[in-house]
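Residue strings, one per chain:
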Amino acid sequence: MDKIRIIGGNQLNGEITISGAKNAALPLMIASLLTDEELVLDNVPNLADVKQLQKILENHGVEINISDHIKTDDMGGQKVSFKAKTISDTCAPYELVSAMRASFWVIGPLLGRMGEAKVSLPGGCAIGTRPVDFFLDGLKALGAQIEIEDGYVIAKAPEDGLRGNRVHFPRISVGATHTVMMAAVLAKGITIIENAACEPEIGNVARCLIAMGAKISGLDTHTLTIEGVEKLNGANFEVLPDRIEAGTFAMAVAMSGGDVLMRKGRASDLQAAVDVLIKAGVEIEQEENGFRVKANGAGLRPIDVETDPFPGFPTDLQAQYMALMTRAAGVTNIKETIFENRFMHVAELARFGADIKVDGQSAIVSGVPQLSGAQVMATDLRASVSLVIAGLVANGETIVSRIYHLDRGFERLEEKLRRCGADIERISE
Ligand code: EPZ
């Protein structure tokens, strides 16, 4: 099992190339099911979750070809072609779906194109029970018949296909918005999705669907209007830069001090987090080919945060921000409103000497002058990188185990940090 070893104390200086966004690449790959023509995606990140989804899509009969890493530099993404000429199997089995929850989203395109789908319920994960009731209610509104049998969702569209309708989500859901949007593009008539998520990844997928011939309006708002079409064509499309990766590295620089250009990063895609970091005393400037982060690595101001759907402070940056605030000059209140169990990094951060008290959905972080290196364990994707951020400044050696969590969502993290001066390496034991 690989581990990451860090000796704290080095500043970060130079440039980090931000990879394509995991949370856009996954639904974009799933969109390939909607057409029998070739969909070519550029800037696809080389991640464990992407590889896992490729297995699911190949199981449905999608031909996938990863062209040589055509890159503008050695950190460029992959160009990957997907062709679902025919869909040989409309079942997504438990052993594949349970390994990567977003695989459940294939139910939308399968229903839209094939009129049927048998998809394993994704099950919960470390951060929460992760129900799918909004997905199923949305698909039922489009005319689908839904049965649950032996842990599988068995969905069937009417004989003449799904029908457009009004879908109102009781609370904002990224996955349910992607899934109903991808089911609606081939439905008959108009679908209006109210209380839709409007994360930049949703806009990226909607723009790809439009490039494929879909008719969607209301992009980047909480109301999407989709006019169903007969058929979608292939397209060439680029995955947008990963705002969560960019925000993570911004917090690493804020913690360690230094001056780093987040190449390809778009500060406006994570404006709420950028605003908080600036209030805390970090300098952030958008430049032509990315945004620059400058910090002196000491005495950050404690700024309270509450996670919220976009454009609010992203839940996927909550753990990283908590690590940063362990050394702030004061007390910070961090409230997690999206997931019910997303504080597992608290116990691990405490091993560095951090002073954090959890009270329900809030964590109260009292800044300490110094952290000490420790042996810690990653528990979920974003929590794992919060431990790396703490290790960058902790006195002495930090060893992070179970870093397979990290590899799900961060491409070559230790290499990107080492290039900026961090004393960090991957060790295989
Ligand atoms: C997406 O998950 C992201 N994953 C998550 O990123 C991210 O944290 C989350 O959106 C919120 O931004 C991908 O894009 C692959 P939700 P998703 O549906 O779609 C509840 C990461 O680290 N809910 O927006 O699963 C749900 O339990 C991951 O990259 C229902 O109750 O999240 C949660 O409390 C972690 N019923 C809230 O809504 C439903 O049918 C928001 O979840 C669906 C969701």
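To start, this report covers the structure provided alongside it. Bear in mind the structure is a predicted one, so any value in this text is a computation, not a measurement. (Residues numbered from 1 in each chain as written. Predicted model: local features only at pLDDT ≥ 70, side-chain atom pairs only at ≥ 80, totals over all residues. Heavy atoms only, no water.)

Let's talk about the site of the ligand
Around the ligand, the structure places 24 residues, and the nearest of them are Asp133, Ser173, Gly175, Asp316 and Ile338. Its free accessible area being 830 Å², the ligand has 90% of it covered by the protein chains. Breaking the shell around the ligand down by element, the ones donating at least two residues are helix H1 (22–31), helix H5 (133–141), helix H6 (174–184) and helix H12 (381–393). Across the shell around the ligand, the residue classes break down as twelve nonpolar, four polar and eight charged. (Near = heavy atom within 4 Å. Areas by Shrake-Rupley, 256 points an atom, 1.4 Å probe, with all protein chains shown as cover. Helix = DSSP H or I, 4+ residues; strand = E, 2+ residues; numbered from the N terminus. Nonpolar A, V, L, I, M, F, W, Y, C, P; charged D, E, K, R; others polar.)

Brief notes about the environment of Glu336
Structurally, the position occupied by Glu336 is in the loop between strand S19 (331–335) and helix H11 (345–350). Judged by relative accessible area, which is 1%, Glu336 ranks as buried. Residues within four places of Glu336 in sequence aside, it is in contact with Thr307, Thr315, Gln318, Arg342, Phe343 and Gln361. In terms of polar contacts, Glu336 uses its side chain to reach the side chain of Thr307, at 3.3 Å. Within the structure, the side chain of Glu336 is placed 3.1 Å from the side chain of Gln318, a separation counted as a polar contact. (Buried < 20%, exposed > 50% of the residue type's maximum accessible area, 1.4 Å probe, protein only. Contact = heavy atoms within 4.5 Å. Polar contact = N/O pair within 3.5 Å; in protein donor to acceptor, adjacent residues only side chain to side chain.)

Let's talk about helix H7 (residues 200–211)
With twelve residues, H7 ought to run about 16 Å at 1.5 Å a step, and its terminal C-alpha atoms sit 17 Å apart, in line with that. Of all the positions in H7, only Pro200, Glu201, Ile202, Gly203, Asn204, Val205, Ala206, Cys208 and Leu209 are classed as buried. (Expected span 1.5 Å × (residues − 1).)

Things to note about the environment of Pro93
Secondary-structure assignment places Pro93 in the loop between strand S6 (91–92) and helix H3 (94–97). Given the relative accessible area of 12%, Pro93 is considered buried. When the C-alpha atoms of Pro93 and Arg263 are compared, they prove to be 38 Å apart, with 170 residues separating the residues in sequence. If we ignore the near neighbours within four places in the chain, the residues touching Pro93 are Asn59, Ser120 and Tyr152.

A look at unusual backbone geometry
In this structure, the amide linkage connecting Phe310 to the following residue, Pro311, adopts the cis form with an omega of 10°. Tracing the backbone through its elements, the reader meets Pro311 in the loop between strand S18 (305–306) and helix H10 (318–325). Its identity is not glycine, yet Asn43 carries a phi of approximately 65°, on the positive side. Looking at the secondary structure, you find Asn43 in strand S3 (residues 38–44). Its relative accessible area of 4% is what places Asn43 among the buried residues. The phi dihedral of Arg402 is positive, around 55°, even though this residue is not glycine. The topology assignment puts Arg402 in the loop between strand S23 (397–401) and helix H13 (404–409). Residue Arg402 is classed as partly exposed on the basis of its relative accessible area, which comes to 38%.

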